[in-house]
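Summary of the model geometry
What follows is each chain in one-letter form.
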Amino acid sequence: MKNFSLKFVDIMVGLVLGLGFQWWPVLQHPWQYIAFVFAYLDIVDYWIDYSPSLKKFPPKREIDVLLDVGIMFALFLYIYATQLTIIYFLTVFVVFMILDSFWLISSRYEYHPTGADKLFVDTWIRFNLIEAVVTAVLIGYVWVTTLSPLAAIIIFIIFRIITRVVASLQYKKVHFV
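Residues numbered from 1 in each chain as written. Predicted model: local features only at pLDDT ≥ 70, side-chain atom pairs only at ≥ 80, totals over all residues. Heavy atoms only, no water.

With that settled, consider the overall build of the protein. Within the protein one finds 6 helices and 0 strands. Mapped from its N terminus to its C terminus, the protein presents α and β elements in the order α-α-α-α-α-α. When the 177 residues of the protein are sorted by exposure, 47% land in the buried category. Residue pairs in contact within the protein that sit at least 24 positions apart in sequence constitute 78% of those at least 6 positions apart. Surface summary for the protein: the accessible area is close to 9,000 Å², and the carbon and sulfur share equals 73%. (Helix = DSSP H or I, 4+ residues; strand = E, 2+ residues; numbered from the N terminus. Buried < 20%, exposed > 50% of the residue type's maximum accessible area, 1.4 Å probe, protein only. Contact = heavy atoms within 4.5 Å. Areas by Shrake-Rupley, 256 points an atom, 1.4 Å probe, with all protein chains shown as cover.)

Okay, a nonpolar patch on the surface next. A contiguous nonpolar surface patch, about 460 Å² in accessible area, is contributed by Ile34, Leu150, Ile154, Ile158, Ile162 and Val166. Along the chain, the position of Val166 falls in helix H6 (residues 149-170). (Patch = residues over 30% accessible without salt bridge, like charges linked within 9 Å, V, L, I, M, F, W, Y side chains within 5 Å. Salt bridge = Lys/Arg side-chain N within 4 Å of Asp/Glu carboxyl O.)

The α-helix advances 3.6 residues per turn, and as a result positions three or four apart in sequence lie on the same side. Its 26 residues place the ends of helix H4 (residues 86-111) 37 Å apart at the C-alpha level, agreeing with the 38 Å of an ideal helix rising 1.5 Å per residue. Following H4 by one or two positions, His112 adopts a phi angle in the positive range, close to 45 degrees. (Expected span 1.5 Å × (residues − 1).)

Next up on the list: the side chain of Asp42. Examined against the element boundaries, Asp42 turns out to sit in helix H2 (residues 30-56). With a relative accessible area of 5%, Asp42 lands in the buried category. Leave out the neighbours within four places in its chain, and Asp42 touches Tyr78, Phe93 and Arg160.

Right, let's talk about the environment of Ser148 for a bit. Within the secondary structure, Ser148 is located in the loop between helix H5 (115-144) and H6. The partly exposed category is assigned to Ser148, whose relative accessible area is 32%. In the structure, Ser148 is positioned 117 residues away from Trp31 in sequence and 9.1 Å away in space, judged by C-alpha atoms.

Among the structural elements, Thr135 can be located in helix H5. Leaving out residues up to four positions away in the same chain, Thr135 has contacts with Leu90, Phe93, Val94 and Phe156.

Trans peptide bonds make up most of the peptide bonds, and negative phi angles are found at most residues other than glycine. Unlike most non-glycine residues, His112 shows phi in positive territory, near 45 degrees. You can see His112 is positioned in the loop between H4 and H5. Judged by relative accessible area, His112 falls into the exposed class, the value being 58%.

Moving on, we get to the packing of H5 against H6. The geometry of H5 relative to H6 is characterised by a closest axis approach of 10 Å and an angle of 165 degrees between their N-to-C directions. Comparing their axes, H6 and H5 come out roughly antiparallel. Along this stretch, H5 crosses H6, giving a crossing that reads as right-handed. Touching Leu119, Thr123, Trp124, Arg126, Phe127, Ile130, Glu131, Val134, Thr135, Leu138 and Val142 of H5 are Ala152, Ile155, Phe156, Phe159, Arg160, Thr163, Arg164, Val166, Ala167, Ser168 and Gln170, all from H6. Of the residues belonging to the contact of H5 with H6, the class tally is 13 nonpolar, 5 polar and 4 charged. (Axes fitted to C-alpha atoms, helices over the stretch in contact; angles between N-to-C directions. Parallel < 35°, antiparallel > 145°, perpendicular 65-115°, else oblique. Left-handed = near helix turned anticlockwise from the far one by under 90°. Nonpolar A, V, L, I, M, F, W, Y, C, P; charged D, E, K, R; others polar.)

That's the geometry; what it means functionally is another story.
If you want it as structure tokens, here you go:
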């Protein structure tokens, strides 16, 4: 199941990224273009960590494969949501973080990682939950105020970049900084 899952997920990420480009002409507002470019880069950044983790922690049960499929579907929606509303876009991100957390928790439970692997898994579980909660608060703020989608996406991106760098520093591995 290890080789199947890794090949399947590789193909799915390629499809998600490739299909995303078909929606570029549909985008109309500045926040959508910014969100699209950010989501695209965010998916590539996610894949840099997810792919090696999938090799270390291949699925052992059917639920693990379903979590992989759920994550790929969330990534697809992450790109797709850029053509909808800011609330939809942010909500998809929250779902993505929750699914990724379940995958990490499942990996921690099944493999009992130690050392650097344990630090990696624990760090990402913690930061996924922080990002999901803060993004949910941002969704609520956008919902009840007149905060523009452009302002909301800028706040979201700044927060996401900060948490990504801090999380990477926590487990001593920074890819782009």
